[in-house]
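# Secondary and tertiary structure notes
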Amino acid sequence: MIERVSRAPKWGIWALCVAVAVGLQVAFASSESFPAGLDHTFSDPIDDFGRWQQSARRTNVLFTGFFTPLSDMVGWALDTVESVLLWVPWYVLPAAIFVVVARTKGWVVGLIPAAVMVYPGLVGLWEVTIDTFALMIISVSIAVALGVPLGVWGALNTRVEKSIRPVLDAMQTVPAPVYFLPMLMLFGIGRVPATFATVIYALPPVVRLTTLGIREVPPAAVEASEMFGATKRQTMTRVQLPMALPTIMTGVSQTIMMALGIVVLATLLGAGGLGQEIMETLSQRRTGRGFATGLAVVAIAIVLDRLGRALAVTDRSKLPGRKVMAGAAVAIVGLTVFGLASGITEFPEVWSVKIFDPIDNGVVWIRDNLRWLTRGFNDLVVADFYVPVRDLLTETIAWPVLLWIGTFVGWRIGGVRLAVFSLSMMVAVGLIGMWNQSLDTLTQVVAAVILSVAIAVPVGVWAGRNPRVEAFLGPILDALQTIPSLVYIIPAVIFFTVGVVPGIVASVLYAIVPGIRITALGIREVPAESIEAAQLFGATRRQTMLGVRLPLAAPTIMAGINQVIMMVLAMVIISGLVGGGALGFAAVSAVKRSDLGIGFEVGFAIVAIAMILDRTTAAVADRLRPVAGH
Amino acid sequence: MKRLLAVLLAFALCAAACGGDDDDSSASSGASDDKPTISFVVNPWTASALNVQVAAQLVESELGYPTDIITIDENEAMFTGLADGTVDAVLEIWPSGITETEQSFFDDGSVVNIGDLGAVGKIGWFVPQYVLDQRPEMASWEGLTTADAGAYFATAETGDRGRFLGTDPSYSQYDALLIDNLDLPFDVQFSGSEAATVAELDSRAAAGEPVLMYWWTPTAAVGKYDLVNVSLPAFTPECGASGAAADADVACDYPEDPIFKAVSAGLADKAPDVQAFLEAFTITNADQLEMLPAAEIDGEDVADVAAAWIEAHADVWSAWVS
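Residues numbered from 1 in each chain as written. Chains lettered and ligands numbered in written order. Predicted model: local features only at pLDDT ≥ 70, side-chain atom pairs only at ≥ 80, totals over all residues. Heavy atoms only, no water.

### Notes on the pairing of strand S2 (residues 67–71) of chain B
Residues and elements named next belong to chain B.
- In this structure, strand S1 (residues 38–42) lies alongside S2, joined through five bridges in parallel fashion. Residue Phe40 lies in a different strand from S2, and its bridge partner there is Ile69.
- The parallel pair S1 and S2, bridged by helix H3 (residues 46–63), forms a crossover whose chirality is right-handed. (Pairing = 2+ DSSP bridges. Helix = DSSP H or I, 4+ residues; strand = E, 2+ residues; numbered from the N terminus. Right-handed = clockwise from strand over helix to strand, strands pointing away.)

### So, the nonpolar core
- Counting residues in each nonpolar core, the largest one holds 294 residues, and the members touching the most others are Phe40(B), Trp125(B) and Leu278(B).
- Looking at which element gives the most residues to this core, the answer is helix H11 (residues 232–265) of chain A, with 15 residues. (Core = buried A, V, L, I, M, F, W, Y, C linked by side-chain atoms within 4.5 Å. Buried < 20%, exposed > 50% of the residue type's maximum accessible area, 1.4 Å probe, protein only.)

### Description of the packing of aromatic side chains
All names here are of chain A.
- Tallied over the full model, the rule gives 28 aromatic pairs over all chains.
- Ring plane angle 45° and centroid distance 4.4 Å describe the contact between Phe34 and Trp399, whose orientation is recorded as tilted. In this pair, Phe34 is assigned in the loop between helix H1 (7–28) and helix H2 (43–56) and Trp399 in helix H17 (residues 399–431), connecting sequence segments 365 residues apart.
- The buried category is assigned to Phe34, whose relative accessible area is 9%.
- Aromatic rings pair up to connect Trp14, Trp404, Phe408 and Trp411 into one cluster.
- Taking the ring centre of Trp411 as reference, the NZ or CZ of Arg412 above it sits at 5.5 Å. (Phe/Tyr/Trp six-rings, centres within 6.5 Å; stacked < 30°, edge-to-face > 60°. Lys NZ or Arg CZ within 6 Å of the ring centre and 35° of its normal.)

### Thoughts on the interface of chain A and chain B
- With 71 residues of chain A at the interface, the matching set in chain B holds 65 residues.
- Carbon and sulfur atoms make up 62% of the surface buried where chain A meets chain B, a total of about 5600 Å² over both sides.
- Among the residues chain A hides against chain B, the three largest losses belong to Ile189(A), Arg285(A) and Lys592(A). Together they make up 13% of the total.
- One can count five salt bridges joining chain A with chain B.
- A salt bridge links Asp168(B) to Lys592(A); the nearest nitrogen and oxygen atoms lie 2.6 Å apart.
- The dominant element in the side of chain A that touches chain B, judged by the number of residues it contributes, is helix H14 (residues 322–341) of chain A, at seven residues.
- Taken together, the residues that form the side of chain A that touches chain B break down as 40 nonpolar, 16 polar and 15 charged. (Contact = heavy atoms within 4.5 Å. Buried area = accessible area lost by both parts, 1.4 Å probe. Salt bridge = Lys/Arg side-chain N within 4 Å of Asp/Glu carboxyl O. Nonpolar A, V, L, I, M, F, W, Y, C, P; charged D, E, K, R; others polar.)

### Considerations on the domain arrangement of chain A
Residues and elements named next belong to chain A.
- Per the domain assignment, the segments making up chain A are domain 1 (46–360) and domain 2 (370–398 + 434–624).
- A C-alpha centroid distance of 28 Å is found between domain 1 and domain 2.
- Taken together, the contacts link 30 residues of domain 1 with 24 residues of domain 2.
- Of the roughly 2500 Å² buried at the junction of domain 1 and domain 2 (both faces included), carbon and sulfur atoms supply 89%.
- Where domain 1 touches domain 2, the interface holds zero salt bridges.
- Between the two partners, domain 1 and domain 2, sit zero residue pairs in polar contact (both at pLDDT 80 or more).
- Put simply, the parts of the chain that give the side of domain 1 that touches domain 2 at least two residues each are H2, helix H8 (177–187), H11, helix H12 (273–283) and helix H13 (287–311).
- The greatest single-element share of the side of domain 1 that touches domain 2, amounting to eight residues, is contributed by H13.
- Of the residues assigned to the side of domain 1 that touches domain 2, the class counts are 23 nonpolar, five polar and two charged. (Domains from an automatic or database assignment. Polar contact = N/O pair within 3.5 Å; in protein donor to acceptor, adjacent residues only side chain to side chain.)

Written out as structure tokens, the structure is:
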């Protein structure tokens, strides 16, 4: 596309863009903010529905015949799992985890998740961890039970796959709290709506990767199976599914990670568990305790991940003999009976350790000694970037100018389709009355993305060049991705101040993870021949990096930046909990006050921003990709 | 693979041996199987958690019902839950926060007001004492009207206007209206959560920086940070303020809130003795202030703090269970 437009017209087109923008600015300079013509068009009926369901849930057949029984069923499953886990002596769960994992992976590997499972008990969080563990088991089970068949169906039927894909895209871009309100309406309060919200948020990876896994099974294997007279069902269950299992399991572990991200926030729905514990300890400013609680979430992640991998091994020859397994089963039953008979069920309190309390002193030290640095950074970001840019977008520049620029940029980058898409999304956001709040949030998102990219790309390049650096960063990145951001966002308020900065800092910490990983991948995948060729022509290291590695890795790095943007958007709601204002606060407020109509509008605005940025960055990545003959 | 068994057994023996001295409190709770579970709502502030802990522990130990505690914001979803019986009781409703829709649950009888808790809350504007040491005139709203007063509380985000620190959006509040109607040079910045408000207060107080914020009594923070309630024009029923349904022209202080208790309409049939107990259940400001510092400042577990209160006040609660 670039080639078709020669230089002079290209310059002329941008000049035209600026001229139109200036013209619009002059014409609309004194106009008010975007006319919110549809401010109540959607929110009022939704509010009416909310009010209707409050009285209807006890009488209407939709509730009494469907949602309420469904809710009761899931509630019963949650209660059962939880009460069984709390009824058996505490050591039975780690022992059972050990047996399941050791069965396929050997006993050394089995000891790791078993020991990790003991950790929450050691820091005095046994019961709340079991709460969350039960919620995770049920949600992930439902997600897998729905996701694998859906993925198989998609793999077998292209039309089904095509219709599922946009829904999955939407599910992944919509910030999870947007689901919270409908869940509250349909299932009431507590752990049941939390379960369904978690399932929706965590479903996409398992569906996608199941479809991918089945598609990747070599056709020869399927043909061979059919040649031996296997039915379609037999081919699926005996050949395709087992061969696709590694890919499906990757999807399941991603689903587990997504689910963990949401069970903590589900405290807004009354789900209790570790999320509630984190919120309470942070209100008491016990940062160390909050950190310890966050690690309990990480512990659940490790245990579920290892359990999933262990269960997925199908190579029967490597399994221990029946006698050993029967022995292990008897041992567990024996231990249970022994524990129950001697009255051991709860985790012994005497074992509780308080290893994280020094963190509290660290927070106080930073508060008292590094204020010049943290507050200086805060005021720099707020006074020199956030406030001027926000005011520029919401007050100085007239809204038609922004519409024009957005559409024009969309057209230049992604053609007419992207232009039309961006324009219609922007107009819709304006019409429902979310224009200024969206621009405010966009300003914060841009600040977070700039900082994230400034950190992630250099670090990613370094890690891509140096395997030792990458190995060192691995566990740190894992921890950043699994520790609930609530744990570090409240100390961020103490260091910076209530406002946009704690949210930006938390978004950066969360978003640099995929940024670093994908950049490192891109750098590593640059073909060795290209680099050798460059060196042959006498290029210096610096020249090789700037002239060969970075350009060749650019499409992958752009995909990483795309992920960074999506992660930052996922954190918008968190920033609303610490003074970020705009859409984040509106989302928090809608959930906390069960304000369905506003919740819908905020959700739509966040999704619109996400989709515009997603498609624009994807289009940029496409254009960076070297075309044959380029 | 025999090692697998050996490890398992060793692990179990160690666990059993070390865990043998565990108390069997779960067995002694006296909860019998045939009694239904009583679900209490806790709202996300400490006093609410303490009240519910005292009630729930007594319902378990004295009346023999199993209990369950659900934390949720004070919003319409909570009332919906009470109305359909998902939860049975809430012990700390602030009358100033009742919205029109929420009132409808009382009107149609699905949620029942079972009387005052005993504690009287007061929402208001608060500053730390060190602010008044520097600017004594700020003890009253009249001292906040000048541009200079705004600049004193300004932050990077509010520029030359003062920053008023708003709160969790589910709490009842109309500070932005008050600021407008009293024509004060302030902007409301919502902290978004109580955790963020407390973190901000802690950080400001440590450096002696000024802060003007939404807060309420009874709370331990008032004592810990030496917070003073800024006086606003006195509350009168006529000045237009009725909590969440505040008129746009409200220009007076928050009213005193006689906190009350409410239960699901179904509780009277489900567990009449629990209903009677909750009707008699009383926690005063003095009781709350006795428990709050341990939980909010020393960071003790609310269940332990409540248990200590129960231990010390058998004379008070024995009347509720008879």
